[in-house]
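# Secondary and tertiary structure notes
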Amino acid sequence: MMKNRPILTTALMSLAAFCIDVGIAGSEPRLAVAHQESRVSLALGSQSCAAPVCHGSSAAYAEGEVRRDEYGIWSSRDRHARAYSVLLDETARRMAANLGIGPAHKAGLCLDCHAFNPPAAQRSELLRVTEGVGCEACHGASSLWLGSHVSADGGRAALGMDDHTDVETRAVMCLSCHQGDATKSVDHRLIAAGHPMLEFELDTFEALMPRHWKATEDNWAGVRRWATGQAVALRESMRQLQRRASRTGWSQWPEFADFECSSCHHSLIVYASGEDFQPSPRQRRGFSSTPGLPPWDPSRAIVLRQLLAVAQPGRSAELDEEVKTLRDLLRSPRDNRVQVADQARRIADLADGYAESFKTLQANAQMVRAVLTQLASQSSAISDAGRRSAQQATMAADALYASYRHNAGGSAEVDAIVNRLYLNLQSSPAYDPASFGQILRELESGLR
Amino acid sequence: MSPWQRIFGPLSPDAPQRAGRLSVRLLRAGRKGALMLLLTAPALGLLWTALRTLPAQAAAPNGSAPASPQQSQTANQPQYVGIGRCASAPCHGNDAFPVWQEEDRHSKAYELLFNRHSRSIADVLELESPETSPRCLTCHSVLAPAAQRADSFDVSQGVGCEACHGPASQWRVPHTDESVPRESLVGMGFVPTKDLGRRAQQCLSCHLGDAERQVDHELIAAGHPELTFELDTFTARMPPHWERDASSAGARQWALGQAAALAQSMRLLAGRIDKPMWGGFPDFASFECTSCHHYYPSLARQRRGYEGRPGYPPVRPSRRIVLNRFLQTVEPGLQERLQVYWRAVVDGLHSNRSEPQAAREETRQAALDLALWAEGLSQTLQSRDFSASELEAAIRSISADAEALAAHGFRTAEQAKWAVDALYISYQAQSGPNPEIEQQIDRLESVLRGRYPSEVSD
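Residues numbered from 1 in each chain as written. Chains lettered and ligands numbered in written order. Predicted model: local features only at pLDDT ≥ 70, side-chain atom pairs only at ≥ 80, totals over all residues. Heavy atoms only, no water.

### Regarding the overall build of chain B
Regarding its fold elements, chain B presents 21 helices and zero strands. Looking at chain B as a whole, 56% of its 458 residues are labelled buried. Of the contacts formed within chain B by residues at least 6 apart in sequence, a portion of 74% connects residues at least 24 apart. As displayed, chain B offers around 20,100 Å² of accessible surface, 54% of which is attributable to carbon and sulfur atoms. (Helix = DSSP H or I, 4+ residues; strand = E, 2+ residues; numbered from the N terminus. Buried < 20%, exposed > 50% of the residue type's maximum accessible area, 1.4 Å probe, protein only. Contact = heavy atoms within 4.5 Å. Areas by Shrake-Rupley, 256 points an atom, 1.4 Å probe, with all protein chains shown as cover.)

Structure (structure tokens):
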């Protein structure tokens, strides 16, 4: 449609944008003035995008760059639209009580990720936090580009709109909530109060999200998305670690969320003593350093490392070395606070390089098989590293094999293995590294 | 001076009496007392150590002229002579010794070090062998310093007579004369275990830990069972090699033991704050196990709420909560004091100040303040008689609180059960059986069983 009748389309969209502007001006003259004078883009709320000719169509348009039914997909199927309403439920009430922050749906700590909650200077009176994670939460406050983005001459980025076709930009945006950034963080305090622990893998989560965009990517884009997502997640997690290690408060560092959950969160099984004694599962697993101290959670590096080992063999040893140094430093997190921050920055810099190179990663069937086989061969190291590493390995296997199946055909056997990995993690609150590792190892024979 | 010495020592000869009386006074002195206590804490801190380490560090013997420094040191120090000297037929060979050897598990403490469990622990800790490791021997036998070992001493005898009664070389002969007051033997290394306060400290030195003996988090992670103790219950469970004294059992021994254990645990905490284990945390063994060791996510944990900062482990409640409940019923004024001291410890541990060193020092001091106060409490309770109506009220109050107590973990639940049992023994001694109270105790027990079916056995 855009191609056939560009002028008409553009005119319709401009009209819609104009109507919105008039609406604003009619009801809220002060806002219109502020809007024109402001150099800051104001948040106008998702309703501003929902005109039928813009993104509020009841059905997708086959032609054109965008579907036009984005608003409906988001509001009816996308869980981002319900992010605010969960703040009103029992779990949220209990969490807020544990944290002593007043009602969750009014607390900035919660609203920052469960809604679009920009600073006061960026809010218009049309914005309602009750809409949850709406259009502008990801695409940016729109007042400065709402009218002009319909034509997109010169590119959206030039208008001040984030370019989400760039996988790295998109990863940073998703991770800002799904892993945390400089102002947002699901730390151990929040988790203890009742917040679920964050899990994220870009390709898997995009596949799970009801799609409101048109895919224009080549066949192996999924692998690139997974690889770039891994590198960006490592970079951002290292920056988060750097920030946390730079805090000086007694109970602010170390931050338990940086450490492996099940090293503490396991049951205290006591078997018979004396000659009938059996070591507990934790003792059987052995201790990498002093028994009884929580080890660092390496989940952001340990799976990415397997890709490097295949795609850029020279670089995996370098990452291993730096990660080992960090792990050793974190055995005495308070004594080594400054060194930890410095080492985290070094690894973030490395990861930045990986992200750059993975954006143009040339994947093929052979490479994807090699990465999956590599994951299987490292099953013990990955499963012993903890549940979060196991989760990353599972989502990696899923994402990689989805691409493989799409391009080179798949087998029901491997699909079944991937399913069992997910089921293993869900089946019990007790993470069992032995059984998870065994299934992961089966990937190798499954691929043969 | 090591951090541990600052907390547990050094010794001065007149410390016990002075500190003891003073802390009893402070017990009643309220806020002003607390301030005084704060100011004088380091000096007062001697009391505890004095009592614990007196045998090993006893001052000069009466009237013996020192020859050379070397000799005098050896000569002055009481020596461990081993069980053989006590076990001869005319002495304890027909009474205490066979009871200990055949029925008392203390006599098997050393043998345990050879079993599969001990080997496994030693493997994890990379110890050469448990039976030669001081870390194990210090509680599974008598770890006498070389200078204090007589030729007849044998480490393989386990937790023998002298482990509890003190090195016997100097008092062995005089103590056979029953007309010699036991107190006069103390300077020679004798430990008067009939004194409930001394008994508590002697038991707690291993069953809870002291400056030299600790089942810390590393040892537990390696497989050592976590320690649990209640003076009255454990005394009752121990095959008696002495004539039981009904007046000391029950409520008094329980209450005194509770206060002593709280004090001891606070001294351990203070030392662990001084010498953090990891990330500035005191050794994790000072915290409640199940606060971390539960499967994640735990709805039950979140529903219970947090005393301080969510996600920061709470100090073990099992050594305070039941005592707290008891005091609330029988000595409300003291319970309020306990709360104030406790709050200072918790607030200190959970504080988020940007001067870690100052926060740590304050918290260490708060733990020591509570330790001193609880030591005074323990002394007060030693001469406190509880009336039947007080005991009844306390049992009712603890039983009524069964669910909340159980929610604090198995170790607290266990303490609640032991408490009502001990209190009821004293109640019965005064007023005879009372089916209504027994019902209360049964209810408590069924709540605990319901919550911890696998841990509670008959």
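### Things to note about the overall build of chain A
When you go through chain A residue by residue, the secondary structure sums to 21 helices and zero strands. Projected onto its principal axes, the C-alpha coordinates of chain A cover approximately 85 × 55 × 40 Å. Looking at chain A as a whole, 51% of its 448 residues are labelled buried. A separation threshold of at least 6 residues defines the contact pool for chain A, and within that pool the share at least 24 residues apart is 71%. Positive and negative charge centroids in chain A, built from 48 and 51 side chains respectively, lie 1 Å apart. (Lys, Arg positive; Asp, Glu negative; His and termini not counted. Charge placed at Lys NZ, Arg CZ, Asp CG, Glu CD.)

### Some thoughts on unusual backbone geometry
Of note, the amide linkage connecting Trp253(A) to Pro254(A) takes the cis form, showing an omega dihedral of 0 degrees. Tracing the backbone through its elements, the reader meets Pro254(A) in the loop between helix H10 (221-245) and helix H11 (261-264). Residue Arg68(A) is not a glycine yet carries a positive backbone phi of 80 degrees. On the secondary structure map, Arg68(A) appears in the loop between helix H2 (29-37) and helix H3 (70-77). Overall, the relative accessible area of 6% leaves Arg68(A) in the buried class. The backbone of Glu126(B) sits at a positive phi, close to 55 degrees, despite the residue not being glycine.

### A few points about the interface of chain B and chain A
On the chain A side, the residues contacting the 47 residues of chain B number 46 residues. The largest per-residue losses of area from chain B upon contact with chain A belong to Trp278(B), Tyr295(B) and Tyr296(B), which jointly make up 21% of the total buried on that side. Summed over the shared surface of chain B and chain A, the result is ten residue pairs in polar contact (both at pLDDT 80 or more). Of the residues that constitute the side of chain B that touches chain A, the class distribution is 22 nonpolar, 19 polar and six charged. (Buried area = accessible area lost by both parts, 1.4 Å probe. Polar contact = N/O pair within 3.5 Å; in protein donor to acceptor, adjacent residues only side chain to side chain. Nonpolar A, V, L, I, M, F, W, Y, C, P; charged D, E, K, R; others polar.)

### Examining the confidence of the model for chain A
Looking at chain A, pLDDT values average 89 and 90% of them are 70 or higher. Segment residues 1-34 of chain A is flagged for pLDDT under 50; beyond a separation of four residues in sequence, or across chains, it makes 38 contacts in the model. (pLDDT = per-residue confidence, 0-100.)

### Side note on the packing of helix H12 (residues 251-274) of chain B against helix H17 (residues 356-382) of chain B
Residues and elements named next belong to chain B. Running from N to C, H12 and H17 point in directions that differ by 160 degrees, and their axes come no closer than 8 Å. The angle between the axes of H12 and H17 places the two elements in the roughly antiparallel class. With respect to the hand of their crossing, H12 and H17 are arranged in left-handed fashion. (Axes fitted to C-alpha atoms, helices over the stretch in contact; angles between N-to-C directions. Parallel < 35°, antiparallel > 145°, perpendicular 65-115°, else oblique. Left-handed = near helix turned anticlockwise from the far one by under 90°.)

### A few points about helix H21 (residues 433-447) of chain A
Residues and elements named next belong to chain A. Taking 1.5 Å per residue, 15 residues should reach 21 Å; H21 reaches 22 Å between its end C-alpha atoms and fits that length. When H21 is considered as a whole, its buried residues turn out to be Pro433, Phe436, Gly437, Ile439, Leu440, Leu443, Gly446 and Leu447. Axial view of H21: buried residues confined to an arc of 165 degrees, hence all on one face. In the core, the buried residues of H21 are packed alongside helix H12 (281-285), helix H17 (365-377), helix H18 (379-384), helix H19 (387-408) and helix H20 (412-427). (Expected span 1.5 Å × (residues − 1). Arc of directions from axis to C-beta.)

### As for helix H16 (residues 337-358) of chain A
Residue and element names in this part refer to chain A. Taking 1.5 Å per residue as the helical rise, H16 with its 22 residues ought to reach 32 Å, and the 31 Å between its terminal C-alpha atoms agrees with that figure. Within the sequence span of H16, burial applies to Arg337, Val340, Ala341, Gln343, Ala344, Ile347, Ala348, Leu350, Ala351, Tyr354, Ala355 and Phe358. Where H16 is buried, its residues meet H10, helix H14 (304-311) and helix H15 (313-329).

### Overview of the pattern of salt bridges
Residues and elements named next belong to chain A. This model, assessed by the stated rule, comprises 48 salt bridges over all chains. Of the charged contacts, one joins Lys359 and Glu168 as a salt bridge, the two residues approaching to 3.0 Å between their closest N and O atoms. Here Lys359 is found in the loop between H16 and H17, whereas its partner Glu168 is found in helix H7 (residues 167-178), with 191 residues between them in sequence. Looking at Lys359, the relative accessible area reads 24%, which means it is partly exposed. Note that Arg244 is salt-bridged to Asp258, the shortest N-O span being 2.7 Å. Highlighted residues: Arg244 in helix H10 and Asp258 in the loop between H10 and H11, separated in sequence by 14 residues. Taken together, the shared-partner salt bridges in this structure form one network comprising Asp166, Glu168, Arg235, Glu236, Arg239, Asp352 and Lys359. (Salt bridge = Lys/Arg side-chain N within 4 Å of Asp/Glu carboxyl O.)

### Brief notes about the environment of Glu390(B)
All names here are of chain B. The residue Glu390 is located in helix H18 (residues 388-400) in this model. Remark: the alpha-carbon pair of Glu390 and Val330, spanning 60 residues in sequence, is separated by 6.0 Å. Setting aside residues no more than four positions away along its own chain, Glu390 makes contact with Val330, Arg384 and Asp385.

### Quick word on the packing of aromatic side chains
In total, this model carries 26 aromatic pairs over all chains according to the counting rule given. Seen from their ring centres, Trp171(B) and Phe190(B) are 4.8 Å apart, and the 75 degrees between their planes marks the pair as edge-to-face. Of this pair, Trp171(B) sits in the loop between helix H8 (161-165) and helix H9 (196-207) while Phe190(B) is found in the loop between H8 and H9, placing the two residues 19 residues apart along the sequence. Using a relative accessible area of 7% as the deciding quantity, one classes Trp171(B) as buried. Of the aromatic side chains, those joined through ring pairs into one cluster are Phe256(A), Phe259(A), Trp278(B), Phe281(B), Phe284(B), Phe287(B) and Tyr312(B). (Phe/Tyr/Trp six-rings, centres within 6.5 Å; stacked < 30°, edge-to-face > 60°.)

### Focus on the environment of Ala309(A)
All names here are of chain A. The residue Ala309 is located in helix H14 in this model. Sequence separation between Ala309 and Leu319 is ten residues, and the spatial gap between their C-alpha atoms is 10.0 Å. Not counting residues within four places of it along the chain, the set of residues in contact with Ala309 comprises Ser316 and Gln374.

### A few points about the side chain of Ser379(A)
Residue and element names in this part refer to chain A. Locating Ser379 in the fold gives a position in helix H18. A polar atom in the side chain of Ser379 sits 2.9 Å from the side chain of Arg441. What Ser379 contacts, discounting residues up to four positions off in sequence, is Gly437, Leu440 and Arg441.

### Regarding the environment of Thr228(A)
Residue and element names in this part refer to chain A. Within the secondary structure layout, Thr228 lies in helix H10. For the pair Thr228 and Gly147, spaced 81 residues apart in sequence, the C-alpha separation works out to 32 Å. Setting aside residues up to four positions removed in sequence, Thr228 forms contacts with Val167, Glu168, Ala355, Phe358 and Lys359.

### A short note on the state of the cysteines
Counting across every chain of the model gives zero disulfides over all chains. Cysteine Cys135(A) shares no disulfide, and the gap to the nearest cysteine sulfur, in Cys49(A), comes to 3.8 Å. (Disulfide = S-S within 2.5 Å.)

### Observations regarding empty space enclosed by the protein
Residue and element names in this part refer to chain A. With the rule as written, the count across this model stands at nine cavities of 30 Å³ or more. When its volume is computed, the largest cavity comes out at roughly 350 Å³. As for the largest cavity, its lining consists of 22 residues, and the residues nearest its centre are Gln240, Ala257, Asp297, Arg300 and Arg388. Contributing elements (two or more residues each) for the lining of the largest cavity: H10, helix H13 (299-302) and H19. Considering each element in turn, the lining of the largest cavity owes the most residues, five residues, to H10. (1 Å grid on protein atoms, 1.4 Å probe; cavity = no way out; pocket = protein on both sides within 12 Å on 5 of 7 lines; lining within 4 Å. Points joined across faces, edges and corners; volume = space filled by probe spheres on them.)

### Quick notes on the side chain of Arg301(B)
All names here are of chain B. With respect to the element layout, Arg301 can be found in helix H14 (residues 299-304). Buried charged residue Arg301 carries no salt bridge. Nearest counter-charge: Glu307, at 8.1 Å. Excluding residues that lie within four positions of it along the chain, Arg301 makes contacts with Ser291, His294 and Tyr306.

### Remarks on the packing of helix H15 (residues 321-330) of chain B against helix H16 (residues 332-350) of chain B
Residue and element names in this part refer to chain B. Packing of H15 against H16 brings their axes to within 6 Å, and their N-to-C directions diverge by 145 degrees. Packed against H15, whose contacting residues are Asn324, Leu327, Gln328, Thr329 and Val330, the element H16 presents Pro332, Leu334, Gln335, Leu338 and Gln339 at the interface. Residue classes in the contact of H15 with H16 are distributed as five nonpolar, five polar and no charged.

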